[in-house]
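# Notes for the structure review
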Amino acid sequence: MNRRRFLAAGAGCSACLVAELAAAQDWQAPARFARPELASDEGGLWALMDREETRLRRSPFALRDPQLHTHVQDMACRLAGEHCPDVRVHLVRTPYFNASMAPNGMLQVWTGLLLRVDNEAQLAAVLGHEIGHYLARHSVERLRDAKSRSAFGQFLGLFGIAGAVGQLGLIASMFAYGREHESEADRIGAILMRKAGYDAGEAAKIWENLLLEIKARPEGLSNSPLFARHPAPDDRMEALASLAAGMPGGVANDAAWRERTKPFLRDWLNDEIKRGQHEESLALLTRMMLRSPSMPEYAYARGEVYRLRAGDGDLDSAIADFKAAAAIGGEPAETHRGLGMIYRLRKQPAEARSGLQRYLELAPQAPDFAMMKTYLEELPQ
Amino acid sequence: MTRKLLGALFLVSLAGCAAVAKVETGDQAIGERMALRLEGAWNHVNAPGMGPAQVWTMEGLPVDQLLLYSGIKDGALIHPGGPAGGARKSFAFRSSMQPDEIVAMFEGMLTRDGSSFRLVKLEPTAFGGRGFRFEYSLVRKVDNVQHAGIGYATVSKGELFALLYFAPRIEFFPRHRGRVESIARTIQIKN
């Protein structure tokens, strides 16, 4: 079979699958949306989102890596089907779990989400969910509702507009619609991800993983506005798993996703550490260490979170993680700074010297080079 | 439009309950234990709920800010307290903190709204005795404006003394950096 015939056959199979799935789920994708009249409320919203998109393109928070951008854009395209030309992905360097799609087709994906997904299928589940909101035009319904309730600022927060996001939790504006809209977007998202060839069973795992982080907070689930407005997470996971059971098969693409994101991993982990949400970060990093025990980046990052939290037993845990990272090899230079600083605090000069010396050797351009050098020189012989 | 509205609300709120006082040239006491000398006047913005730092400005908020911390005790927050259980992380000083941890604490405070902080330099310096200074860049999430900043800090008798300044990287930061560095050189901390 030549390439053209193979692709044609593939497209045919895909079309059959789409029809089958859509029938099974009683859902059909709408035709592409025309730009609304500017004078209408929806037209005004599009114009506002167009301005926001222009600002986003110029933003220093935009992650401008052509390869990663193309990868995620291609995924969004496969999910969106014939709406592909209307979907524009923007990667945003912000360490929170968030994706949002505006009615004009602007799809924001934050790096906190990219860090948290285990594979392409999980990312596809979130993108598919957001595209589901877009295809079902939930934002327009929310716009009218928000205007009637004078809650326009909160409404803008749906799309991750910086000025309108007053509170940044683990989950920023993702999953911020009402209960019925969320369930419908889950359903459409599952259909889209399966149609695109992904394992729909991965969708429920995102919730499972997020719950690990949210439950790790000192206040647990009790103060999460997300769970005050939405179906109980267990119910939602069950519903997603049930949807997936009806459409078996598909791939997750774990290795491909890890390879694609590896160049950004250290930056994203540093952003996660800097969030200062120690308990959530520890839950996340523990999960990642179990998933990828041969990657020193996760062991270093968890050690650094323990070091910065500095609670009972935390410095011992930090030392153990730093040593584990060093034992794996290829560890970030900051692993040795962490060891040096803990031993300095504990007045163990030989060990402190070893750590700080190694850090200065590995990171001569580090911004804190002068500070660490002074510490090293001040250590008693 | 939303940003303009928020800005207008901010100004209205400031007009309603904030007081701006001129800080004169000469010796000034900040809290009970910190003193400094000014070579030019600043504006001190005071309003309920502004947190433990004195907030000074040359150009007006929110263009530039000089935060002065004096005698922050172990366990105290370094920013205005939010509602209990809010989604934003709180950042508190611990007397056992090392300089890089103090910088990380300020970094956390400055990025609570999703802004981006990058440490440029951290080095020891004389600041009220034995202290350290750091330089940083800050991109504000709310308006994407790129700022530059400098900070100085020391821990004396378990209390934190610090000075943080930041302003837009172009024009405003270079204009006032020298003034801030002069202030830092005059800091004295009483034992």
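Residues numbered from 1 in each chain as written. Chains lettered and ligands numbered in written order. Predicted model: local features only at pLDDT ≥ 70, side-chain atom pairs only at ≥ 80, totals over all residues.

### Some words on the overall build of chain A
Selection criterion: Secondary structure follows DSSP: runs of H or I at least 4 residues long count as helices, runs of E at least 2 residues long count as strands, and numbering of each begins at the N terminus. Once C-beta atoms are placed from the backbone, each residue is buried if 20 or more other C-beta atoms lie within 10 Å of its own, exposed if 12 or fewer, and partly exposed for counts between those two. Our contact criterion uses C-beta atoms placed from the backbone: two residues qualify when those atoms are within 7 Å.
Secondary structure summary: chain A contains 19 helices and three strands in total. By the burial criterion, 46% of the 381 residues in chain A qualify as buried. Considering only contacts within chain A whose residues lie at least 6 apart along the sequence, 64% involve residues at least 24 apart.

### Let's talk about the environment of B:Gly151
All names here are of chain B. Mapped onto the secondary structure, Gly151 falls in strand 9 (residues 146–156). The sequence separation of Gly151 and Ala184 amounts to 33 residues, and the corresponding C-alpha distance is 9.0 Å. If we ignore the near neighbours within four places in the chain, the residues touching Gly151 are Phe106, Arg133, Phe134, Ala162, Leu163 and Leu164.

### A few points about the domain arrangement of chain A
Many analyses report the size of an interface as the accessible area lost when the parts associate. Residue and element names in this part refer to chain A. The condition that has to hold: Domain segmentation is taken from an automatic or database assignment of domains. The nonpolar class holds Ala, Val, Leu, Ile, Met, Phe, Trp, Tyr, Cys and Pro. Asp, Glu, Lys and Arg form the charged class, and all remaining residues, Gly among them, are polar.
Assigned domains within chain A: domain 1 (21–30 + 39–252) and domain 2 (258–378). The interface of domain 1 with domain 2 comprises 15 residues on the first partner and 14 residues on the second. Mapped onto the side of domain 1 that touches domain 2, the elements with two or more residues apiece are helix 3 (66–80), helix 4 (111–116) and helix 9 (202–216). Among the residues forming the side of domain 1 that touches domain 2, the class breakdown is eight nonpolar, three polar and four charged.

### Here we look at the sheet that holds strand 4 (residues 42–46) of chain B
Residues and elements named next belong to chain B. Applied cut-off: Whether two strands pair depends on DSSP finding at least two bridges between them. Structural elements are reduced to axes, namely lines fitted to C-alpha atoms, with helices fitted over the stretch in contact, and the angle between N-to-C directions of any two is expressed from 0 to 180 degrees.
Read from one edge to the other, the open sheet built from eight strands follows the order 1-4-5-6-10-9-8-7, with strand pairing classed as antiparallel. Strand pairing shows two members of the sheet lacking a second neighbour, strand 1 (19–23) and strand 7 (116–126), which therefore form its edges. Going across the sheet, the axis of each strand differs from the next one's by a mean of 20°, ignoring polarity. The pairing of strand 4 with strand 5 (residues 54–57) spans three bridges and is antiparallel. Directly across from His44, in strand 5, lies its bridge partner Trp56. The strands touched by helix 3 (residues 172–186) within the sheet are strand 6 (65–72), strand 9 and strand 10 (159–168), with strand 10 carrying the most contacts at an inclination of about 160°.

### A few points about helix 11 (residues 233–245) of chain A
All names here are of chain A. The condition is simple: Helices are assigned an expected span. That span is 1.5 Å times one less than the residue count. Taken from the helix axis, the directions to the C-beta atoms give the arc we talk about.
Helix length check: helix 11, at 13 residues, gives a terminal C-alpha distance of 18 Å against a target of 18 Å (1.5 Å per residue), a fit within 8%. Among the residues making up helix 11, those that are buried are Arg236, Leu240, Leu243 and Ala244. Burial along helix 11 is one-sided: seen end-on, the buried residues are contained in an arc of 100°. Within helix 11, the exposed residues directed more than 90 degrees away from the buried face are Asp234, Asp235, Ser242 and Ala245. The inward-facing, buried residues of helix 11 abut helix 8 (179–195) and helix 9.

### Structural notes on the pairing of strand 4 of chain B
As paired elements, strand 1 of chain B and strand 4 of chain B share five bridges and run antiparallel to each other. Following the sheet pairing, B:Val23 is matched in strand 4 of chain B by B:Trp42.

### Thoughts on helix 2 (residues 41–58) of chain A
All names here are of chain A. Taking 1.5 Å per residue as the helical rise, helix 2 with its 18 residues ought to reach 26 Å, and the 27 Å between its terminal C-alpha atoms agrees with that figure. Along helix 2, the residues that are buried comprise Leu45, Trp46, Met49, Glu52 and Leu56. An end-on view of helix 2 places all buried positions within 125° of arc, on one side of the element. Facing away from the buried side of helix 2, by more than 90 degrees, are the exposed residues Arg51, Thr54, Arg57 and Arg58.

### Describing the packing of helix 5 (residues 120–135) of chain A against helix 8 of chain A
Residue and element names in this part refer to chain A. This is how the line gets drawn: Angles below 35 degrees are treated as roughly parallel, those above 145 as roughly antiparallel, those between 65 and 115 as roughly perpendicular, and all remaining angles as oblique. Should the near helix be turned counterclockwise from the far one by less than a right angle, the crossing is left-handed, whereas a clockwise turn marks it as right-handed.
Packing of helix 5 against helix 8 leaves a shortest axis separation of 7 Å and a crossing angle of 125°. What the angle tells us is that helix 5 and helix 8 run oblique. Crossing handedness for the pair helix 5 and helix 8: right-handed. Along the contact surface, helix 5 presents Ala121, Ala124, Ala125, Gly128, His129, Ile131, Gly132, His133 and Leu135, while helix 8 presents His181, Glu184, Ala185, Asp186, Ile188, Gly189, Leu192 and Met193. The residue inventory of the contact of helix 5 with helix 8, partitioned by class, reads nine nonpolar, six polar and two charged.

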